[in-house]
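# Residue-level structure breakdown
This is what each chain is made of:
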Amino acid sequence: MNAEKSYVGRFAPSPTGALHAGSLVAALASWLDARAQRGRWLVRIEDTDGPRCVPGADREILRQLDVLRLRPDEPPVWQSQRQALYQQALDGLVQRGLAYPCGCTRRDIEVALSAQGHEHQRHEERVYPGTCRDGLHGKPARAWRLRCGTEDAPTRIDWQDRRLGPQRQDLTHAVGDFVLKRADGCWAYQLAVVVDDAQQGITHVVRGEDLADNTPRQIWLQRQLQAPLPAYLHLPLVLDARGEKLSKQHGAPPLALDDPLAALRTAGQALQLPGVDAGDVDTWLTRATEAWARRWVDAR
């Protein structure tokens, strides 16, 4: 692949609040990777989960990126304006027998798993037991799920991460048939991100390591939709003083941008970019791009 001609990367924040130090690291990494490979960099606002979105947060995120000179090469897009694309993808999967309606509540799933001897542990994935695979049995449809193999023919996903190396997941036993459209009518992250990446021609995904576990699901869905598979780079997370992921959920404060250069320097340190310094933002970004290329592009 000629990266100079075909590279397309993206930063896809959820507007649940302004950017914080952790999300700046993700934004900067994806921007640097695109610039280091002379590619295009896009911004997508992932606002399908309406109840969690904060009014005005999308505009604030775009303002913050602009102050930091992290400017997309095309106008940003909003997932909330792309509902028809997601419905078209789901309809196609249903017509081909790859997706089906599910009437299970969270409680139904827990009861079914408990009956099979599986007690749920904190932070553990609830593996869907396949209750509605052969029909709703009189229950109303709540969600839509994607089929992920069977006991006799499990779906195993092998993939290569640019930092983590070879990865493997038995999707059938680790996750089960996963949700494409939720019971509340919201589109699931997995479907929206795969459809958007394919429609926007995304070739490279750079994001936090906490999302690595989602990658096998997305690869499986990409295969079912006959969509291209991007290259993935999952980076170490920025942690708070308690060792938790720095996030809005854990109270991370909005990014202070009274000194954009200082914010970028801090993010560069988190990305372990050696010897990068400058007296202004544009020069710093140029030197950071060179350092990123030496570490993540030229060294491959």
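Described in the following lines is the structure provided in the data block. (Residues numbered from 1 in each chain as written. Predicted model: local features only at pLDDT ≥ 70, side-chain atom pairs only at ≥ 80, totals over all residues. Heavy atoms only, no water.)

### So, the packing of helix H7 (residues 189-199) against helix H8 (residues 215-224)
- Between H7 and H8, the least distance of the axes is 10 Å, while the angle of their chain directions is 55 degrees. Between H7 and H8, the angle is such that the two are oblique. Between H7 and H8 the crossing geometry is right-handed. Packed against H7, whose contacting residues are Tyr189, Gln190, Leu191, Val193 and Val194, the element H8 presents Arg217, Gln218, Leu221 and Gln222 at the interface.
- Residues belonging to the contact of H7 with H8 are distributed by class as follows: 5 nonpolar, 3 polar and 1 charged. (Axes fitted to C-alpha atoms, helices over the stretch in contact; angles between N-to-C directions. Helix = DSSP H or I, 4+ residues; strand = E, 2+ residues; numbered from the N terminus. Parallel < 35°, antiparallel > 145°, perpendicular 65-115°, else oblique. Left-handed = near helix turned anticlockwise from the far one by under 90°. Contact = heavy atoms within 4.5 Å. Nonpolar A, V, L, I, M, F, W, Y, C, P; charged D, E, K, R; others polar.)

### Some details on the sheet that holds strand E2 (residues 40-45)
- Strand order in the open sheet made by the 3 strands is E1-E2-E3, with parallel pairing throughout. Unpaired on one side and paired on the other, strand E1 (8-11) and strand E3 (77-78) mark the two borders of the sheet.
- By the bridge criterion, 2 bridges tie E2 to E3 in an arrangement that is parallel. The residue of E3 that forms the bridge with Ile45 is Trp78.
- Strand contacts of helix H2 (residues 21-36): E1 and E2, with the helix running at about 150 degrees to E2, the strand carrying the most contacts.
- Packing against the sheet, helix H3 (residues 57-67) makes contact with E1, E2 and E3, and its axis sits at approximately 155 degrees to E2. (Pairing = 2+ DSSP bridges.)

### Focus: the environment of Ile202
- Tracing the chain through its elements places Ile202 in the loop between H7 and strand E9 (204-208).
- When near neighbours in sequence (up to four residues on either side) are disregarded, Ile202 contacts Val8, Gly9, Arg10, Leu42, Arg44, Asp197 and Pro230.

### Regarding the packing of aromatic side chains
- Taken as a whole and assessed by the stated rule, the structure comprises 3 aromatic pairs.
- Plain terms: the ring middles of Trp292 and Trp296 are 5.9 Å apart, the flat faces sit at 40 degrees to each other, and that makes the pair tilted. Taken together, the residues span about one helical turn, with Trp292 and Trp296 both in helix H10 (residues 281-297) at a distance of 4 residues. When sorted by exposure, Trp292 lands in the same class as Trp296, which is buried.
- Geometry around Tyr128 places Arg145 over its ring, the cationic atom sitting 3.7 Å from the centre. (Phe/Tyr/Trp six-rings, centres within 6.5 Å; stacked < 30°, edge-to-face > 60°. Buried < 20%, exposed > 50% of the residue type's maximum accessible area, 1.4 Å probe, protein only. Lys NZ or Arg CZ within 6 Å of the ring centre and 35° of its normal.)

### Considering the pairing of strand E6 (residues 156-161)
- Every second residue of E6 is oriented toward a common face, the buried set being Ile157, Trp159 and Asp161 and the non-buried set Arg156, Asp158 and Gln160.
- Pairing between E6 and strand E7 (residues 165-170): 6 bridges, direction antiparallel. Counterpart to Arg156 in the pairing with E7 is Asp170.
- A loop of 3 residues connects E6 with E7, the two strands running antiparallel in sequence.

### Structural notes on the sheet that holds strand E4 (residues 99-102)
- Pairing in this open sheet of 3 strands is antiparallel, and the strands run E4-E5-E8 from one edge to the other. Looking at the sheet topology across the chains shown, the edges are occupied by E4 and strand E8 (178-181). With strand direction ignored, the average angle separating the axes of adjacent strands in the sheet is 45 degrees.
- Note: strand E5 (residues 143-146) against E8, 3 bridges, orientation antiparallel. Each bridged residue has a counterpart across the sheet, and for Trp144 the counterpart in E8 is Lys181.
- Strands E4, E5 and E8 of the sheet are contacted by helix H4 (residues 83-95), whose axis makes an angle of about 125 degrees with E8.

### Re the environment of Pro75
- Summarising the element assignment, Pro75 is placed in the loop between H3 and E3.
- By relative accessible area, which is 68% here, Pro75 ends up exposed.
- As a C-alpha pair, Pro75 and Leu42 span 33 residues in sequence and 7.8 Å in three-dimensional space.

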